[in-house]
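The lines below spell out each chain.
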Amino acid sequence: MSLVAEAFVSQIAGKVPFIHVGNQVVSELGPIVQFVKAKGHSLSDRLDEVQKAEMKAYMELVNNMLLTAELYLQWCDEATVGEITHARYGSPYPWPLNHILAYQKQWEVKRKMKAIGWGKKTLDQVLEDVDQCCQALSQRLGTQPYFFNKQPTELDALVFGHLYTILTTQLTNDELSEKVKNYSNLLAFCRRIEQHYFEDHGRGRLS
Amino acid sequence: MAAPLELSCWGGGWGLPSVHSESLVVMAYAKFSGAPLKVNVIDNTWRGSRGDVPVLATEDNIVSQPAKILNFLRKQKYNADYELSAKQGADTLAYIALLEEKLLPAVLHTFWVESDNYFTVTKPWFASRMPFPLSLILPGRMSKGALNRILLTRGEPPLYHLREVEAQIYRDAKECLNLLSNRLGTSQFFFGDTPCTLDAYVFGFLAPLYKVRFPKVQLQEHLKQLSNLCRFCDDILNSYFRLSLGGISPAGQETIDANLQKLTQLVNKESNLIEKMDDNLRQSPQLPHRKLPTLKLTPAEEESNSLQRLSP
């Protein structure tokens, strides 16, 4: 379980996360979950069919809204792109590769946004969508410790990964993390998982 | 609220009020929430735009895209989700995301990318509803848009290959259909007894897949096996869309049913008569004797006899 949860923190970067097991390398969430399941560990076995359907639906909601919003903010918002993303994305590579790869990635992301209809969205509209998504997650979570009551599932890992990244990554404007902070139960959820599963690393970045 | 609301959308066929998923979502929502919409079907005159269909026009607003149109209708107090709890509202968002991520790519592929389907069904249908030079350009553009959407959301940069993603998107779509079927179970609608936004979306995506006749039908076959989803589509069509279908009105339907009944009765009577005759023949003692004379016919005569019998 901690394997899956840990693998999330750098999900935005693309093909990461991946895990090495012996000779095999498995990348990205879906395949990793399947792989771990095949090894006999699964978080969602005790859910019934309707709950599994709900879980998959909420995971798609997070992918659809949060992930796309994160990509938008990183690559389509000029301020963030100029100050942070270009430098960070190109940093492992020598000149001129760093610029070329960064521009190429930006072009790809913009194409994708246009194809799914986000090309014409303004930053405010994107933030509103994120707010709607967080509201839905918050209502679903309610006062329970995890999304499906007592035990965490893949959905908890996915939501934690995204929210933690949003809350702890420094960007030029803090509006995205402010949106998330409006929902106290989501904040408490992140803190609880961080303390419970990551306490040995001594990280306490969520204050 | 009194201002007339006009919706421009693609027309219908195969028993549907519209074959375009997004148009169907809006039409269904309007029926569920009681919004008085005047539907303008796009035809091959130059009236109206074809860009961002469906488009809702009021006195001072033009709204496009189903999500925005539904939001607008809700603000005008046509709200089909009035009785939903907060959690059900959240579930609605989640399931809509599931539909868009998992089902939509395969539906787009079935309609616009699969060549047999596109060239024999989709392109002629849409081209017949566009004025001349547009009918040559616009369907191709729509097809390319669909392909782009599939590749960019599912393919691997930088060289996007369709073949890699085809199998995956159909697998995902079948799984999504199974999930929807599990969630619907035996209830009439997704949240209780009255339809709401989620029902409109599911109907909008499933009904064209269910009803349109395609040459390549793997996803349709899968859907047809999920009987509760088929029943869901048929229920909505019968309850909310029957009168406006422009085909057969209920009175006409009744006379057809009555005629059918008469015909069935006639056929039954005939078959009863034939059975009785058959029984009589079997019981009659003359039958074995009758067979002997026919055996004496020469092959040529037998052949001419059988030929005579066969001629109309």
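Residues numbered from 1 in each chain as written. Chains lettered and ligands numbered in written order. Predicted model: local features only at pLDDT ≥ 70, side-chain atom pairs only at ≥ 80, totals over all residues. Heavy atoms only, no water.

Selection rule: UniProt positions are given in the numbering used here, feature names are shortened, and annotations may be inferred rather than shown by experiment.
Looking at an unreviewed UniProt entry, chain B carries the name Metaxin, with the source organism given as Microcebus murinus. Turning to chain B, the UniProt annotation filed under Sequence similarities (unreviewed entry) states: "Belongs to the metaxin family." In its Subcellular location (unreviewed entry) section, the UniProt entry covering chain B states "Mitochondrion outer membrane".

As recorded in an unreviewed UniProt entry, chain A goes by the name Metaxin-2, listed as coming from Microcebus murinus. In its Subcellular location (unreviewed entry) section, the UniProt entry covering chain A states "Mitochondrion outer membrane". UniProt annotates chain A under Sequence similarities (unreviewed entry) with the comment "Belongs to the metaxin family."

**Some words on the pattern of salt bridges**
Residue and element names in this part refer to chain B. Formally: We define a salt bridge as a contact between a side-chain nitrogen of Lys or Arg and a carboxyl oxygen of Asp or Glu at a distance within 4 Å. By the criteria applied, helices consist of DSSP H or I runs no shorter than four residues and strands consist of E runs no shorter than two, each listed in order from the N terminus. Burial here depends on accessible area, computed with a 1.4 Å probe over protein chains only, as a share of the maximum for the residue type. Under 20% is buried, over 50% is exposed, and the range in between is partly exposed.
Counting across every chain of the model gives 13 salt bridges over all chains. Ionic pairing is found between Asp 172 and Lys 102, a salt bridge with its closest N-O pair at 3.7 Å. Within this pair, whereas Asp 172 is found in helix H6 (residues 162-184), its partner Lys 102 is found in helix H3 (residues 86-113), the two being separated by 70 residues in sequence. Overall, Lys 102 belongs to the buried group, its relative accessible area being 18%.

**Topic: the UniProt feature "domain: Metaxin glutathione S-transferase" (unreviewed entry) in chain A**
Here the UniProt feature "domain: Metaxin glutathione S-transferase" (unreviewed entry) sits at residues 131-193 of chain A. When the span residues 131-193 of chain A is considered, its composition is 68% helix and 0% strand, and the gap between its end C-alpha atoms is 22 Å.

**Description of the interface of chain B and chain A**
Put simply, the rule reads: Should any heavy atoms of two residues lie within 4.5 Å, those residues are considered in contact. Accessible-area loss on putting two parts together, using a 1.4 Å probe and summing over both, is the definition of buried area adopted here. Each polar contact in these results corresponds to two N or O atoms within 3.5 Å; when the atoms are within protein, one needs to be able to donate a hydrogen and the other to accept it, and residues that are neighboring in sequence are counted only if both atoms are side-chain atoms. Nonpolar residues are Ala, Val, Leu, Ile, Met, Phe, Trp, Tyr, Cys and Pro. Charged residues are Asp, Glu, Lys and Arg, and all others, Gly as well, are polar.
The partner chain A presents 20 residues to the 23 residues of chain B that form the contact. Summing both partners gives a buried area of about 2,200 Å² for chain B against chain A, and 60% of it is carried by carbon and sulfur. The three residues of chain B that bury the most area against chain A are Lys87(B), Leu93(B) and Leu152(B), which together make up 21% of that side's buried surface. Applying the counting criterion to the chain B and chain A interface returns three salt bridges. Notably, a salt bridge pairs Glu60(A) with Lys102(B), separated by 3.6 Å at the nearest N-O pair. Linking chain B with chain A are four residue pairs in polar contact (both at pLDDT 80 or more). Mapped by element, the contributors of at least two residues to the side of chain B that touches chain A are H3, helix H5 (132-154) and H6 of chain B. Looking at the side of chain B that touches chain A, its residues break down into eleven nonpolar, three polar and nine charged.

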